[in-house]
Structure formats: structure tokens, C-alpha cells
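Overview (structure and organization)
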Amino acid sequence: MLQRSGNTLLRYRRRKRSRNQTDSLMKKPAAHPISRSAARGFQRRDFLRTLGLAAATFPQLLRAADRPRRPPNIVLIMADDLGFSDLGCYGSEIRTPHLDALAARGVRFSQFYNCAVCCPTRGSIMTGLYPHQSGMGWMVQHNSDTRPPGPYQGYLNDRCLTLAEALKGAGYRTFMSGKWHLGENRPHWPVDRGFDRSFGLLSGLNYYGYLDKEWVPGLVRHMFQDDRPYFPKTPGFYLSDAIADHAVEFLEGTPVDGDPFFLYLPVYAPHYPLHAPEEAIAKYRGRYRQGWDAVRRERYARLRASGIIGDESPLSPRDPGVPAWTEVEDPDLMDLKMAIYAAQIEIMDAGIGRVFEQLRKSGREEDTQIFFLSDNGGCEGDLSGVRPKELNSAPYLGGPESYDGYGRGWANVSGTPYRKFKTMMQEGGIATPMIAAGPCVRGQPGRLCRDVGHVMDFMPTCLEIAGAPYPAQFKGRELPPLEGASLMKSLRGESNPRVRPIYWEFEGRRAMRDGPWKLIGADNAAWELYDLSQDRSELHDLARQQPERVREMSTRYAAWADRCGIRPWAEVAPRMKNVLPVKV
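Residues numbered from 1 in each chain as written. Predicted model: local features only at pLDDT ≥ 70, side-chain atom pairs only at ≥ 80, totals over all residues. Heavy atoms only, no water.

This part takes up the packing of helix α12 (residues 292-306) against helix α14 (residues 407-414). Look at α12 against α14: their axes get within 9 Å of each other, and the N-to-C directions meet at 10 degrees. Classified by the angle between their axes, α12 and α14 sit roughly parallel to one another. When α12 is examined against α14, the residues Trp292, Val295, Arg296 and Arg299 are found in contact with a partner set consisting of Gly409, Trp410, Asn412, Val413 and Ser414. Within the contact of α12 with α14, the residues separate by chemical class into 4 nonpolar, 3 polar and 2 charged. (Axes fitted to C-alpha atoms, helices over the stretch in contact; angles between N-to-C directions. Helix = DSSP H or I, 4+ residues; strand = E, 2+ residues; numbered from the N terminus. Parallel < 35°, antiparallel > 145°, perpendicular 65-115°, else oblique. Contact = heavy atoms within 4.5 Å. Nonpolar A, V, L, I, M, F, W, Y, C, P; charged D, E, K, R; others polar.)

Quick look at the structure:
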């Protein structure tokens, strides 16, 4: 008989780890010179001298005497597959009290963008470049000799600088806990790209930690701790808890009066599969029996009432691929799917709350700049055929033997009020909630910011927070100029208009935003044009009415694509062999 492990997992979250688990978490990384240097607590000037970065790599770095005595700590949190309206403070019915409290004391952005899909977003947020410039124009590469080096190679190249490398050079201790997705094999792990301590999964996983129970037959996932593989202790393991626990452990081991720290927390939730303890699911069971149309209307009303959106963002029609709720074959199953999804988000929020609590207990909350966002919109993928039907139904759905996603109908809810989903260039695929709170934020607590921002803006923003310039070279290699723009004026409540356009490309899906104008298209398909100041829901295509604007914008898009090495997807796709991961 198959057993659910919800009770075990809930007790697991409430109890302390056993001594041997704690010893494993706190074990220092083995024989890695960078990690040993950081662990000894070097001063900033000693650290830079040891790595040889002060003169050779960061020639313009300000002298310690000329900089603020101690820059703020930085915590960058990124959810996985979380839609625009999935947080309470962005209109959701899902309980996210810790992120709601963060928004209440900080600022919420209403026009912030990711790169529509996980790997490209991670390449961009880590480097301040467009994904293709970092080697992450497509998904992570599982086998290092299946693709040629270049924009689609599937791991970070050596011609980019990561946030961890940059902030490490500015005297920060650097930590990561969560989903990496920027390189499966060494030397492309976090420890190889500037992180002193790190824990997590190299790409996807299930929440219960079974490395071989995935949706592709024969696929084995890999986890890591610093510079070695990590093997979860199952049963009793739950991924969202483990990610938060390791982040807390890293911070607990950091001297309060020592160097500032950078914590990158790319949590896995609410990415599929639908896995959560029974007690957490029960809180939402029956909440979604009213159907997706009703939930979308409720979220839309809250978004309007909060001022996050206005008349420019009418509620888009239900996606044409989604049936009316009255036509759904099994509404109870659909209710269960969304209940599990909501439980995953609430557990994610609770884990983030534990990180916030550690900052408060250690007296570092006021000195820590925190950001939260998502890597793309809701994921419409239907995985119902991956497991036998009975395992993806009650009472097993949500347990370790199940493997399913919440489907297009609920993904349409996650993107309220916008159209489309993850991997797509409509607002439902690329618009993300973004919250900022901390010493860099000024103005009325809980205010809204309507400035346009993008994940590539975090590199220049964090460097400005740290008081460090972006170097021209790193490890003897020339670096491309940053593509992002600092968000500091937006954080302070000052005028910060976007000077340069923003561009997107994934699998031939293309987009460009310049001021209020957005161009959307695909390889061998006609361009669409929208005025987002009047129609952010993208319901009225103006391409035929403004052909000159389409020509001018598409010409600039072509120049950008050529500069970044982007090729037509039909030309690139045959080389993208998604080979199963090699063992480490």
C-alpha cells in the first residue's frame, strides 16, 4: 500500500534536526581555497589581496577608507514558476504573510520583468547581461559535449561575471541555497562561480528528495553542498524546508560584526510537481471548487483595489485552451491541484519567514536589503500522463509517488489579469511580482513603483549598494558592458525612466519593450504591436495601424539579436539535444 508522508513532513518542519543532520549541514567545504579564505574571516583588503582582484580585476574599486564603513547585506530571493498574482500582496487568496509584511514595509513594482523561463532568467539575474550573452539562451546543458560553445551552450560562460564573483570582490561573503540551473557539471557549480557556501539542486527535482523519481524515465537528478554531491535523507526530506534551513545555517555561521553578506535564495516552489504535506493541502481543500473564472475575478478585483493595476490592465478573457468550469470533467481533482499549488506557496513563504526571523534575531534586519521576484510566469504544462492516473488523483496526488502540474486553467489564474504563460512573451509569461525592502528603500512604506525593471538590473543595483564598479576585465578576460540599469533611483522613490529598450528571445519567441510600446512575434510570424500604457493586457494589436513603428522597432530588434548571437530557432533546435544528466 502506498503511504502519504504528510504527517512526517509536518513534524519534520516543527522539530529540530538530529545531531548528525546538523553536523552534516555545518560541515565545512572540503579543500576549496576560496571557501577556506572566507571561513577564516579575512578583512576586505586581505581578501582582495589574496585573490589578486584589487589591482588586476577591479582596478577602479574604491579604497576602503573612501567607502561607507559597511555596506548593507543583500538577500535576493527568487521563486520558481510563480505567477504575477500568486502572492497575497499581489491579489492572491494564498496566505503569504511574510512576503506581505515585506511589501508593507517596502515597495512593490508593478512593471518588473523576467526572461519568461527559468535558465535564461537565472543567467540574466546572475550576470546583468541578456541570457544569450552569458551562454544561457536556452535550457541547461546536461552533457558538456553535445552543444557547441556560444549563446545556447547551457552553462555560464567564462566571459561573464556573476553577482557572487562581483560582490566577493567587493568584500562580501557569498551564499546560495536553492535551484542553480546554470551548469550541471564542474566547473560550473556555484562554488566555481563565486559562492563561499552553497546548497541545493543543480536543475529540477521533486520535493521529497528522491533523485530518481522524475518525469523522464531513467533521469537522475543531482543535488550539491558546496563542492560535493548531496544525497537527501528520505523519507522526511522536503525541499522547500531544506532550502530555508541551509540558508539559515549559513547566516548563523556568519559573524554579525564581520563582512557584509550576499545571500542568493532561488527557492524551488511552486514549480511542479505538485507535492505538499496533507495538513498544508487541507487548508485550501474546497477553496477552488468555485472554479478558475471566479478566482480570476476575485484576484483582479484585489489587484485593482490595491492600485497595482489600473484601467490599462483589463481582465483578459479566459485562455482559449481552457474550458469553462461547468465543462470540467473532474472539478474535485482540479480543486485538489490548486490546493496543493497554494500549499507549496504557503510553505515557501514560511521558509522565507524563517530566514527573515534569523535576520531579526541577529539584529541584521535593518542592515539588509531584500529583493523578491519570480523567474517566469505560471507553468501551463500538463504532466498528468507521467504517472498512472490513480497516482495523480486523490488520495495520492501530492505525495511522493505522484508527479503532476496544475495545468493551463490554474496557470491562467496565476497570470491574472494577463495572457499566456511561462516560455511566452506576453505579459503573463514575463511579468513578475517584485518586492524590495531595506535600507536602500525610501518613501512611504508599502508604496507602489511603476518604473519598468528587468532581472538584468540586479547586477548594477547590487554593485551600487556595495559601492563597487563593474570591472572591464575578470581573470584576465574582457567583460561585455552591463545591459541592465541600476534600480537605486526607483528604490529611493525618484524618477527613473527606462532609457534603453528591453529585448527577449526564447525558442524563436521574440519581444521588445521601448517605453510604453511592446513588439511581440515569433520566427516566421508577423509582429504584433501593443501600447502598454493603454493596453497592458495586450488585447488590441496596433501593428496594422502603425506599420512604421513596427518597422523601426523590428529593425532595432534585429540589430540586438545579431549582437547577442541569436539565430532562428529552426536553425538552433536540431543541436539542442536534451541528453540526460551525467552522474557526478
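With mixed pairing, the 10 strands of this open sheet are ordered in space as β6-β5-β4-β3-β7-β1-β8-β9-β2-β10. Sheet topology places β6 (228-230) and β10 (447-454) at the edges, where each strand pairs with a single neighbour. Going from strand to strand, the sheet's axes swing by 20 degrees on average, the running direction of each strand aside. Where strand β2 (residues 107-113) meets β10, 6 bridges bridge the pair, whose relative direction is parallel. Bridging across to β10, Val107 finds its partner in Arg447. Against the sheet, helix α10 (residues 239-252) engages β3 (173-179), β4 (197-201), β5 (223-225), β6 and β7 (261-265), with an angle of about 175 degrees to β3. (Pairing = 2+ DSSP bridges.)

The next point concerns the packing of aromatic side chains. A complete count under the given rule lists 29 aromatic pairs for this structure. Pairing Tyr557 with Trp560 gives two aromatic rings, centres 5.3 Å apart and planes at 55 degrees, and the pair type is tilted. Remark: Trp560 and Tyr557 occur in helix α18 (residues 547-563); sequence separation between them is 3 residues, near one turn of the helix. In this pair, the class of Tyr557 matches that of Trp560, namely buried. Taken together, the ring pairs connect Tyr130, Tyr503, Trp527, Tyr557 and Trp560 into an aromatic cluster. The cationic tip of Arg186 hangs over the ring face of Trp189; the distance from NZ or CZ to the ring centre is 5.4 Å. Positioned above the aromatic ring of Tyr210, the side-chain terminus of Lys213 is 4.4 Å from the ring centre. (Phe/Tyr/Trp six-rings, centres within 6.5 Å; stacked < 30°, edge-to-face > 60°. Buried < 20%, exposed > 50% of the residue type's maximum accessible area, 1.4 Å probe, protein only. Lys NZ or Arg CZ within 6 Å of the ring centre and 35° of its normal.)

Moving on, we get to the pairing of strand β1 (residues 73-79). For β1, the buried fraction is high: 7 of the 7 residues fall into the buried class. Both faces of β1 are covered, namely the face carrying Asn73, Val75, Ile77 and Ala79 and the face carrying Ile74, Leu76 and Met78. Sheet analysis places β1 next to strand β8 (residues 368-374), joined by 7 bridges and oriented parallel. Counted as the bridge partner of Ala79 is Ser374 from β8. Direction of pairing for β1 relative to β7: parallel, over a ladder of 4 bridges. Bridging from a neighbouring strand, Ile74 pairs with Phe262 of β7.

It is worth spelling out unusual backbone geometry at this point. Of note, the bond from Arg186 into Pro187 is cis; its omega dihedral lies within 30 degrees of zero at 10 degrees. By the secondary structure assignment, Pro187 is in the loop between β3 and β4. Phi at His181 is positive, roughly 65 degrees, even though this residue is not glycine. Here His181 is to be found in the loop between β3 and β4. Despite not being glycine, Glu507 has its phi angle at roughly 50 degrees, a positive value. Its place among the elements puts Glu507 in the loop between β13 (502-506) and β14 (509-514).

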